[in-house]
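One-letter residues, chain by chain:
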Amino acid sequence: MNFSNVEGQFNEELQNSLPGQERAFRASGLSLVLHPRNPHVPTVHANFRIILRGSLQSPEKLWFGGGADLTPSILYEEDARHFHELWQELCDRHSVANYAQFKKQCDEYFWLTHRREARGVGGIFFDYLQGDLEAALRFVLDGASCFLASYVPIVERRSAIASTPAQRTFQLWRRGRYAEFNLLHDRGTQFGLRTGGRIESILMSMPPLAAWQYDRKANSAEEQRLLNVLRFPRDWLESTSADSAPAD
């Protein structure tokens, strides 16, 4: 878990790419990232943040952003559905949130354009959430509280399952994709680097171990099953498959 609270002046690049005109900014955020060793337990990420342009006494622009997403290396459809159901229920409780829209934005955001595949099975993603700021704040606080309920049951179901060396090898290869996304596309990483943040904190979401294999292809039905989902993101709430375990 990482909490950040930074302030300063936007450089010219960020000055022109974010809402507002003031150069002064302040940003606070909470990030949660877990990379379990067991391949049966998915990586999870959640982030909730607020960015202000101007000063606390006289803000010009203020907006919220964040979301949560799940990145398995072994696909359990039951887990993906559970994760999405919890975040849909969160959105349904708040007038400022729209699950279908946030799910679509998540699928688009966590897309590795150079690989033509998703980082994981998605969740929700939102940014530049303005308007009724009190309602937006209630939504963000509720989202932070929703994190454990969306993830802990998955850990409890999968953490005791033994894995094979082949599954561990595949997991590290998929974490190479995770690292690629964070370094090339992640807005939080780019924002931190461009505003002079603490490098160790900015890169805390990176997997501790990752691997790359030249032109690797799926070596089992289990691996191919995950890759099919990553290349063609699904609507998990409409899934009718009764299969909740990997196919061999």
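Keep in mind that what you see is a predicted model, and the values were worked out from it rather than measured.

### Some details on helix 3 (residues 99–109)
Buried within helix 3 are the following residues: Tyr-99, Phe-102, Lys-103, Cys-106, Asp-107 and Tyr-109. For helix 3, the N-terminal capping position is held by Asn-98, with its side-chain oxygen 3.1 Å away from the main-chain nitrogen of Ala-100.

### Thoughts on empty space enclosed by the protein
Considering all chains together, one arrives at four cavities of 30 Å³ or more under this definition. What the largest cavity holds in volume is close to 70 Å³. Residue lining of the largest cavity: Pro-39, Val-41, Pro-42, Thr-43, Thr-71, Pro-72, Ser-73, Gln-171, Arg-174, Arg-175 and Tyr-178, and that is the complete set. Looking at which element gives the most residues to the lining of the largest cavity, the answer is helix 5 (residues 165–184), with four residues. Within the lining of the largest cavity, the residues separate by chemical class into five nonpolar, four polar and two charged.

### Quick word on the pattern of salt bridges
Under the defined criterion, the tally for this structure stands at 18 salt bridges. For Arg-157, the salt bridge goes to Asp-79, with nearest N and O atoms at 2.9 Å. A residue pair is termed long-range when its members are at least 10 positions apart, and Arg-157 in helix 4 (residues 133–158) and Asp-79 in helix 2 (residues 77–92) qualify at 78 residues. Note on Arg-157: relative accessible area 30%, which makes it partly exposed. Here Glu-108 makes a salt bridge to Lys-104, at a shortest N to O gap of 2.5 Å. Remark: Lys-104 and Glu-108 occur in helix 3; sequence separation between them is four residues, near one turn of the helix.

### Here's the deal with the layout of surface pockets
Leftover empty space is mapped by rolling, across the atoms, a probe with the size of a water molecule. Here the largest pocket is characterised by a volume of approximately 950 Å³. Lining the largest pocket are 48 residues; nearest its centre among them are Arg-187, Gly-188, Thr-189, Phe-191 and Gly-192. Top element by residues in the lining of the largest pocket is helix 6 (residues 187–194). It accounts for seven residues. For the lining of the largest pocket, the class distribution of residues is 20 nonpolar, 19 polar and nine charged. Roughly 200 Å³ of volume is contained in the second largest pocket.

### Topic: the sheet that holds strand 3 (residues 43–54)
Read across the open sheet, the five strands follow the order 1-2-3-4-7; overall the sheet is antiparallel. Looking at the sheet topology across the chains shown, the edges are occupied by strand 1 (2–9) and strand 7 (122–129). When the angles between neighbouring strand axes are averaged without regard to direction, this sheet yields 10 degrees. As judged from the six bridges shared by strand 4 (residues 59–71) and strand 7, these two strands associate in the antiparallel manner. Directly across from Leu-70, in strand 7, lies its bridge partner Gly-122. Helix-sheet contacts for helix 4 involve strand 2 (24–34), strand 3, strand 4 and strand 7, and the interaxial angle to strand 4 is about 15 degrees.

### Re the packing of aromatic side chains
Inspection of every chain in the model, using the stated rule, returns 15 aromatic pairs. Relative to Phe-181, the ring of Tyr-109 has its centre 5.5 Å away and its plane inclined at 80 degrees; by these criteria the two rings are edge-to-face. On the criterion of sequence distance, the pair formed by Tyr-109 in helix 3 and Phe-181 in helix 5 is long-range, its members being 72 residues apart. Looking at Tyr-109, the relative accessible area reads 12%, which means it is buried. A relative accessible area of 0% places Phe-181 in the buried class. In this arrangement the basic side chain of Arg-119 is found over the ring face of Tyr-178, its NZ or CZ atom lying 3.9 Å from the centre. Sitting over the ring of Trp-173, Arg-174 keeps its end group 5.5 Å from the ring centre.

Procedures and definitions
Residues numbered from 1 in each chain as written. Predicted model: local features only at pLDDT ≥ 70, side-chain atom pairs only at ≥ 80, totals over all residues. Heavy atoms only, no water. Buried < 20%, exposed > 50% of the residue type's maximum accessible area, 1.4 Å probe, protein only. Helix = DSSP H or I, 4+ residues; strand = E, 2+ residues; numbered from the N terminus. Polar contact = N/O pair within 3.5 Å; in protein donor to acceptor, adjacent residues only side chain to side chain. 1 Å grid on protein atoms, 1.4 Å probe; cavity = no way out; pocket = protein on both sides within 12 Å on 5 of 7 lines; lining within 4 Å. Points joined across faces, edges and corners; volume = space filled by probe spheres on them. Nonpolar A, V, L, I, M, F, W, Y, C, P; charged D, E, K, R; others polar. Salt bridge = Lys/Arg side-chain N within 4 Å of Asp/Glu carboxyl O. Pairing = 2+ DSSP bridges. Axes fitted to C-alpha atoms, helices over the stretch in contact; angles between N-to-C directions. Contact = heavy atoms within 4.5 Å. Phe/Tyr/Trp six-rings, centres within 6.5 Å; stacked < 30°, edge-to-face > 60°. Lys NZ or Arg CZ within 6 Å of the ring centre and 35° of its normal.

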